[in-house]
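The primary structure of each chain is shown beneath.
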Amino acid sequence: MGLDSLERGISYFASAIAVISAALFIPHLTKNTWITDTAKYVKGKACPTGYTHAATLCEKHQLTHPSYWMPQFLLILIVGLFILLFAWRRKRVGVIVASLLLGLAGGTAGIVFLFLAAWLVIRAFRLQKYGDATFTGSSRRARTMGQEKREGRDSTPRRTRASKDSKTTTKTAVTPAPSKRYTPKKPSRRK
């Protein structure tokens with residue numbers, strides 16, 4: 001089953017978030033930029049080598065080249081476009097895999113994409129097992145399946161007893177005679 005309209009709309013929204021967050025890297029791709037790294041104090045109130053004191057942390061300013069930002073930009077942009085493509089083609093598995101990749105690569109910011117992938121997996125499981133992806137529809141179907149199973153279980157012991165009895169009678173009637181070649185000899189009785 002492909003994506004329904006709700007899942008498709010949310011996948012489009014996730015793709016838009018990915019493309020917008022990739023667009024935030026464009027200023028870093030056009031020129032050299034300064035970034036600030038922070039670190040915790042080492043033993044007491046001392047900063048690691050190359051860091052300076054700033055409030056409660058140690059800071060270090062670094063000049064970065066546009067190539068420093070290019071892998072992150074390309075990853076977010078390409079995977080975001082793949083989410084868009086898979087949502088347009090209604091491919092649930094493609095959206096799930098692309099969202100997982102972006103969620104794992106995005107770190108803390110990628111948690112939105114991890115939630116999207118988990119939500120789609122849960123809906124796919126409900127759709128496969130109960131035939132309805134919604135929470136209310138799948139729980140209603142699970143109740144009716146459980147009730148049918150309990151009703152079937154109450155009548156099952158009567159049927160199995162009758163079928164077991166008929167099987168045992170047919171087994172005794174069909175049992176072949178002992179073969180000299182394959183049947184082991186019985187030990188002789190000594191008095």
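My aim in this report is to walk through the structure given alongside it, one point at a time. Counting of residues starts from 1 at the beginning of each chain's written sequence and follows it residue by residue. Reporting in this predicted model follows two pLDDT cut-offs: at least 70 for local features of residues, and 80 or more for side-chain atom pairs to be given and counted; totals over whole chains, interfaces and linings ignore these cut-offs and use all residues. Hydrogens and water are ignored here; the side-chain numbers use all heavy atoms of the structure.

Considerations on the nonpolar core
Reasoning step 1: Core analysis: the biggest nonpolar cluster contains 21 residues, and Ile76, Ile83, Val95, Leu102, Phe113 and Leu120 have the highest contact counts within it.
Reasoning step 2: Broken down by secondary-structure element, the contributors of at least two residues to this core are α1 (5-23), α3 (66-88), α4 (92-105) and α5 (111-130).
Reasoning step 3: Non-local contacts of Phe113, meaning those with residues more than four positions away in its chain, are made with Ala14, Ile17, Ala18, Ile83, Ser99, Leu102 and Gly103. Only buried residues count toward a nonpolar core, which is a set of Ala, Val, Leu, Ile, Met, Phe, Trp, Tyr and Cys residues joined through side-chain atoms within 4.5 Å. A simple rule labels every residue: compare its accessible area, found with a 1.4 Å probe on the protein chains alone, to the largest value its type can have, and call it buried under 20%, exposed over 50%, or partly exposed in between. Starting at the N terminus, helices and strands are each numbered in turn, a helix being any DSSP run of H or I of at least four residues and a strand any DSSP run of E of at least two. Note on definitions: a residue-residue contact is assigned when non-hydrogen atoms from the two residues lie within 4.5 Å.

Overview of the packing of aromatic side chains
Reasoning step 1: Any pair of Phe, Tyr and Trp rings, taking the six-membered ring for Trp, is counted once the centres come within 6.5 Å. Such a pair is stacked with planes under 30 degrees apart, edge-to-face with planes over 60 apart, and tilted for the rest. The final tally for this structure, using the stated rule, is 3 aromatic pairs.
Reasoning step 2: Seen in terms of ring centroids, Phe25 and Trp69 are 5.9 Å apart; in terms of plane orientation they differ by 50°. Their pairing is tilted. In this pair, Phe25 is assigned in the loop between α1 and α2 (26-30) and Trp69 in helix α3, connecting sequence segments 44 residues apart. For the pair Phe25 and Trp69, a shared accessibility class is recorded, and that class is buried.
Reasoning step 3: Pairing Phe82 with Phe86 gives two aromatic rings, centres 6.0 Å apart and planes at 25°, and the pair type is stacked. Of this pair, Phe82 and Phe86 both sit in helix α3, 4 residues apart, which is roughly one turn of that helix.
Reasoning step 4: Classification of Phe86 by relative accessible area gives partly exposed; the value is 24%.
Reasoning step 5: Ring pairs connect the aromatic residues Phe25, Tyr68 and Trp69, which therefore count as one cluster.

Digging into the pattern of salt bridges
Reasoning step 1: Take a side-chain nitrogen of Lys or Arg and a carboxyl oxygen of Asp or Glu: if they are within 4 Å of each other, that pair is a salt bridge. Applying the stated criterion across every chain, the model contains 3 salt bridges.
Reasoning step 2: For Asp4, the salt bridge is made with Arg123, and the minimal N-O distance between the two is 2.7 Å. One end of the pair, Asp4, is in the segment before α1; the other, Arg123, is in helix α5, and 119 residues separate them in sequence.
Reasoning step 3: The class of Arg123 is buried, set by a relative accessible area of 6%.

Quick notes on the state of the cysteines
Two cysteines joined by a covalent bond between their sulfur atoms form a disulfide.
Reasoning step 1: Criterion for a disulfide: a pair of cysteine sulfur atoms at a distance within 2.5 Å. By the definition in use, this model includes 1 disulfide.
Reasoning step 2: Through a disulfide, Cys47 is tied to Cys58; the S-S separation comes to 2.1 Å. Measuring handedness by torsion sign, the sulfur bridge of Cys47 and Cys58 sits at about -85° and is left-handed. Taken together, the positions of Cys47 in the loop between β1 (33-39) and β2 (52-54) and Cys58 in strand β3 (residues 57-64) put the pair 11 residues apart, joining distant regions of the chain.
Reasoning step 3: What makes Cys58 buried here is its relative accessible area of 0%.

Here's the deal with the packing of α1 against α3
Reasoning step 1: Relative to each other, α1 and α3 sit at 160°, their axes nearing to 8 Å. Comparing their axes, α3 and α1 come out roughly antiparallel. α3 is crossed by α1, and the crossing has left-handed handedness. Between α1 and α3, the residues in contact are Arg8, Ser11, Tyr12, Ser15, Ala18, Val19, Ser21 and Ala22 and Phe73, Ile76, Leu77, Gly80, Leu81, Ile83, Leu84, Ala87 and Trp88, respectively.
Reasoning step 2: Each residue gets one of three labels, nonpolar for Ala, Val, Leu, Ile, Met, Phe, Trp, Tyr, Cys and Pro, charged for Asp, Glu, Lys and Arg, and polar for the others, Gly among them. Split into classes, the residues belonging to the contact of α1 with α3 amount to 12 nonpolar, 4 polar and 1 charged. To obtain an axis, a line is fitted to C-alpha atoms, over the contacting stretch when the element is a helix, and the angle between two such axes runs from 0 to 180 degrees between their N-to-C directions. If an angle is under 35 degrees, it is roughly parallel; if it is over 145, roughly antiparallel; if it lies from 65 to 115, roughly perpendicular; otherwise it is oblique. Should the near helix be turned counterclockwise from the far one by less than a right angle, the crossing is left-handed, whereas a clockwise turn marks it as right-handed.

Description of the sheet that holds β1
Reasoning step 1: Only strands joined by at least two bridges in the DSSP assignment are considered to pair. Read across the open sheet, the 3 strands follow the order β1-β3-β2; overall the sheet is antiparallel. Of all the strands in the sheet, just β1 and β2 have a single pairing partner and so form its edges. Each neighbouring strand pair of the sheet contributes to a mean axis angle of 45°, computed without reference to strand direction.
Reasoning step 2: In this structure, β2 lies alongside β3, joined through 3 bridges in antiparallel fashion. Residue pairing in the sheet places Thr52 in a bridge with Glu59 of β3.

A word on unusual backbone geometry
Reasoning step 1: Non-glycine residue Arg90 carries a positive phi angle of around 60°.
Reasoning step 2: Locating Arg90 in the fold gives a position in the loop between α3 and α4.

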